[in-house]
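Notes for the structure review
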Amino acid sequence: IPVSSFDLVIFGATGDLAQRKILPGLFRRFSVGQMPRDARIIATARSEIDTDMFRADLRTSLAEFAPCISGDAEMLDQFLATIVYIHLDVMSQEGWSELVGLLRRSAVRAFYLSVSTSLFGTIASRLSSYEAVTPESRIVVEKPFGNDLAIARALNADLRQGFEESQIYRIDHYLGKETVQNLMALRFANALWEPLWNSTHIDHVQITVAESLGVEGRGEYYNRAGAMRDMVQNHLMQLLCLTAMEPPSRFEPNAVRDEKVKVIEALAPANPQEIVRGQYRDKEGQGSYREHAGDPTSRTESFVAMKVAIANWRWAGTPFYLRTGKRLRARTSEIAVVFREPPHMIFPEMENRRSNQMIIHLQPDEGITLHNTIKEPGPGGFRLAEVTLDMTFANALGGQTDSQDAYERLIMDVIRGDQTLFMRGDEVEAAWAWVDPIIARWEEARHAPEPYDAGGSGPEEALMLMHRDGWRWREIG
Ligand code: BG6
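Reading the values: the criteria
Residues numbered from 1 in each chain as written. Predicted model: local features only at pLDDT ≥ 70, side-chain atom pairs only at ≥ 80, totals over all residues. Heavy atoms only, no water. Near = heavy atom within 4 Å. Polar contact = N/O pair within 3.5 Å; in protein donor to acceptor, adjacent residues only side chain to side chain. Areas by Shrake-Rupley, 256 points an atom, 1.4 Å probe, with all protein chains shown as cover. Helix = DSSP H or I, 4+ residues; strand = E, 2+ residues; numbered from the N terminus. Pairing = 2+ DSSP bridges. Axes fitted to C-alpha atoms, helices over the stretch in contact; angles between N-to-C directions. Contact = heavy atoms within 4.5 Å. UniProt positions renumbered as here; feature names shortened; annotations may be inferred. Core = buried A, V, L, I, M, F, W, Y, C linked by side-chain atoms within 4.5 Å. Buried < 20%, exposed > 50% of the residue type's maximum accessible area, 1.4 Å probe, protein only. pLDDT = per-residue confidence, 0-100. Left-handed = near helix turned anticlockwise from the far one by under 90°. Nonpolar A, V, L, I, M, F, W, Y, C, P; charged D, E, K, R; others polar. Phe/Tyr/Trp six-rings, centres within 6.5 Å; stacked < 30°, edge-to-face > 60°. Lys NZ or Arg CZ within 6 Å of the ring centre and 35° of its normal.

Right, let's talk about the site of the ligand for a bit. Around the ligand, a shell composed of Lys 143, His 173, Tyr 174, Lys 177, Glu 211, Arg 218, Asp 230, Met 231, His 235, Lys 326, Arg 331 and Gln 363 is seen. Lys 326 is positioned with one of its side-chain polar atoms (N or O) 2.8 Å from an oxygen atom of the ligand. In isolation the ligand has 400 Å² of accessible area, and contact with the protein removes 81% of it. In terms of residue count, helix α9 (residues 219-244) provides more of the shell around the ligand than any other element does, three residues in total.

The subject of this paragraph is the sheet that holds strand β5 (residues 137-141). Read across the open sheet, the six strands follow the order β3-β2-β1-β4-β5-β6; overall the sheet is parallel. Each edge of the sheet is formed by a strand with only one pairing partner; in this case those strands are β3 (83-87) and β6 (168-170). Across the sheet, the mean angle from the axis of one strand to that of its neighbour is 20°, orientation sign disregarded. Pairing analysis gives six bridges linking strand β1 (residues 6-11) to strand β4 (residues 108-113), with the strands arranged parallel. The residue of β4 that forms the bridge with Val 9 is Phe 111. Against the sheet, helix α1 (residues 16-31) makes contact with β1, β2 (40-45), β3 and β4, and its axis sits at roughly 170° relative to β1, the strand it touches most.

With respect to the secondary-structure elements, Asn 234 resides in helix α9. In this view, Asn 234 contacts Lys 143, Asp 172 and Arg 229; residues no more than four positions away in its chain are not counted.

When the UniProt feature table is mapped onto this chain, "binding site: NADP(+)" (unreviewed entry) is found at Arg 46, Asp 89, Val 90 and Lys 143. Tracing the backbone shows Asp 89 in the loop between β3 and α5 (96-102). Beyond its immediate sequence surroundings of up to four residues, Asp 89 is in contact with Arg 46 and Trp 96. The topology assignment puts Val 90 in the loop between β3 and α5. Residue contacts for Val 90: discarding those within four places in its chain leaves Phe 11, Trp 96, Leu 119, Thr 122, Ile 123 and Arg 126.

In this structure, Ile 10, Phe 11, Leu 26, Phe 79, Phe 111, Met 306 and Met 358 are the most contacted members of the largest nonpolar core, which totals 144 residues. If near-sequence neighbours (up to four positions away) are discounted, Phe 11 is found in contact with Thr 44, Leu 88, Val 90, Trp 96, Leu 99, Phe 111, Tyr 112, Leu 113, Ser 114, Val 115, Ile 123 and Leu 127.

Looking at the protein, pLDDT values average 93 and 96% of them are 70 or higher. Model confidence for the complex is summarised by a pTM of 0.94, with the ipTM given as 0.99.

Direction vectors running N to C along α1 and helix α4 (residues 73-80) enclose 115°, while the axes themselves pass 10 Å from each other. Considering the relative orientation of α1 and α4, their crossing is right-handed. Contact residues: Leu 23, Leu 26, Phe 27, Phe 30 and Ser 31 in α1; Met 75, Leu 76, Gln 78 and Phe 79 in α4. Residue composition of the contact of α1 with α4, grouped by class: seven nonpolar, two polar and no charged.

Another point: the sheet that holds strand β9 (residues 303-308). Taken together, the nine strands give an open sheet; going across it, the order is β14-β13-β12-β11-β7-β10-β9-β8-β15, and neighbouring strands pair in mixed fashion. Strand pairing shows two members of the sheet lacking a second neighbour, β14 (384-390) and β15 (450-453), which therefore form its edges. When strand polarity is set aside, the average angle formed by the axes of neighbouring strands in this sheet is 20°. Looking at chain direction, strand β7 (residues 202-210) and strand β10 (residues 320-325) are connected through six bridges and run parallel. Across the sheet, residue Thr 208 finds its bridge partner in β10, namely Arg 323.

Here the focus is the environment of Gly 285. Relative to the assigned elements, Gly 285 resides in the loop between β8 (275-281) and α11 (289-293). Taking the relative accessible area as the measure of exposure, Gly 285 reaches 68% and is therefore exposed. Counting along the chain gives 254 residues from Gly 285 to Ser 31, while the straight-line C-alpha distance between them is 43 Å.

Enumeration according to the criterion identifies 14 aromatic pairs in this entry. Consider the rings of Trp 96 and Tyr 130, whose centres lie 6.0 Å apart with planes at 20°: the pair is stacked. Of the two residues, Trp 96 is situated in helix α5 and Tyr 130 in the loop between α6 (120-129) and β5; the sequence distance between them amounts to 34 residues. On the basis of relative accessible area, Trp 96 is assigned to the buried category, the value being 0%. Grouped by ring-pair contacts, the aromatic residues Tyr 222, Tyr 280, Tyr 289, Phe 303 and Tyr 452 constitute a single cluster. Positioned above the aromatic ring of Phe 30, the side-chain terminus of Arg 37 is 4.2 Å from the ring centre.

The residue after Lys 143, namely Pro 144, is reached through a cis peptide bond having omega 5°. Cis geometry is found at the peptide bond from Gln 363 to Pro 364, where omega equals 5°. The residue Pro 364 is located in the loop between β12 (357-363) and β13 (367-375) in this model. Of note in this structure, Arg 446 is not a glycine but carries a positive phi near 45°. By the secondary structure assignment, Arg 446 is in the loop between α14 (425-444) and β15. A relative accessible area of 57% places Arg 446 in the exposed class.

The following block contains the structure:
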């Protein structure tokens, strides 16, 4: 569905995110006709280059990050023609009048801040003082949204200098992933699951976001953040919220976000005995976290596993286990909903625990599988076996899914003015309020992370966390 005409201003347009994700994503939307032909992209950055130079550099980026379509020379030229570049150092007054002069009254205005969070306040107030903010304007920001609650509050205040909450789009790219949205469809468009979606029927939930990559040149940022700030406070928290939230009364931004905030506010304070921090060490020449982060004494965690309780009627008695880490065996992200065992077992051979599981696979393959126990076919006796019902989208929909990158979807939602998949200010603050005491305790105790082998499944202590409750983590990969 094409969106309305827009002027999208990208601050930090020469940066990594803009070149790898934002602009290639826009090019893909352009190539399928979703971006109106009169839409314009106004790229700004501190580099003293002109529009022709910017376009030439972008050609190279698009060849790498949108390879399937960049071979279509005519399309590529048409896309590049929508882009102008303005040299702008946000700290100085220069360039702002030129920028604002380019903006059309009739089009949606979106200001995408792909810059350090320390510049949010300056940009928001400059846009406001140059009268660039119309009712049809939106501002888009990226994570990290602060480093703790105090900073997140200050950033919210900065953004509100020029924009209403209804104009602020805080991106968590996990919310743009196809399966994450499908989780909402699964839960709220089917009558089958919702009656089972509670502690009476669900034993526990395992949320895993495992990465095989290490810190990949982002050591400086990551070493200050660690897995808790980098992944748990945002991506895992969002997955937890969507899994646990009450059905919203409408599929509308505030109705959905109200329910998510309630989940975060219902989280019991984390028990320090039920949190495992890890840091990868070298195994067979893969390198260690400390080498990759360039800090030989770093105590930053590259892995977190924890048991989380949601203190409300629906979930009392059903723990949520969260796990994320870098340099693990494989890249696997999934939500495993593990149902309770049958109350009375009539088959003697059921020595192993068998319970139904629904696995919501986020990556590498997207889809949903349902694990059931059946009788093994054949006359050789009554044996039980597990079968998996596969609802993988590519199979179920005949390979017709449009696996557009999360950023593409989110940028189009910004233009449409749909905030459903963006974090509201209070949601981000609530997540920090829950995470901050955990980090403070680690810092106070100068807590050293547990080592784990690069390419493994995480520290032994993380396995124990689940073993103590009589369960095991699902295999990574
Ligand atoms: C980012 C984190 O937000 O998400 C990275 O800063 C992480 O450290 C990335 O690698 C994971 O995203 P995805 O989409 O590859 O799972």
